[in-house]
Amino acid sequence: MIVSNARHETAIVTRRDGQTVVFVRFKAGRLSCERMTETTFREEWQENHFPLAETLDRFLAHGQVHGCTLEAGKGLEKLKARDRAVVSSLF
């Protein structure tokens, strides 16, 4: 899921279990995961309808240039693989 906040920041949610949300915020420098309670997350972030594949590619390209934590990199790669599997199963 791609989300944005009131400060026009964009993030990709990599994990959500109903109580905690793990997301990667697009920012200058190294990308890393952030955690927030579900309630706080819903108050601060709103779902955005950017295309997932293109947004993931942009995050991953930024991570290759500027670096990213292992957790953030794996989370984004897993999301990309999951999205690829869903799209390929449609054809």
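Before any of the text, the structure's been laid out above.
Residues numbered from 1 in each chain as written. Predicted model: local features only at pLDDT ≥ 70, side-chain atom pairs only at ≥ 80, totals over all residues. Heavy atoms only, no water.

(A) Structural detail: the packing of aromatic side chains. Counted by the stated rule, this structure contains 4 aromatic pairs. Aromatic side chains Phe41 and Trp45 sit 6.4 Å apart centroid to centroid with 15 degrees between the ring planes, which places their arrangement in the stacked category. The two residues Phe41 and Trp45 agree in class, both being buried. Taken together, Phe23, Phe41 and Trp45 form an aromatic cluster joined through their ring pairs. (Phe/Tyr/Trp six-rings, centres within 6.5 Å; stacked < 30°, edge-to-face > 60°. Buried < 20%, exposed > 50% of the residue type's maximum accessible area, 1.4 Å probe, protein only.)

(B) Looking closely at the sheet that holds strand S3 (residues 20-25). Taken together, 5 strands build an open sheet; the order of strands is S4-S3-S2-S1-S5 and the sheet is antiparallel. Each end of this open sheet is capped by a strand with a single partner; those strands are strand S4 (33-37) and strand S5 (45-47). Here the strands of the sheet are splayed against their neighbours by 40 degrees on average, with no regard to which way each runs. Note: strand S2 (residues 10-16) against S3, 5 bridges, orientation antiparallel. What sits directly across from Arg16, in S3, is Val21. Sitting on the sheet, helix H2 (residues 52-66) is in contact with strand S1 (2-5), S2 and S3, with an inclination near 100 degrees to S2. (Pairing = 2+ DSSP bridges. Helix = DSSP H or I, 4+ residues; strand = E, 2+ residues; numbered from the N terminus. Axes fitted to C-alpha atoms, helices over the stretch in contact; angles between N-to-C directions. Contact = heavy atoms within 4.5 Å.)

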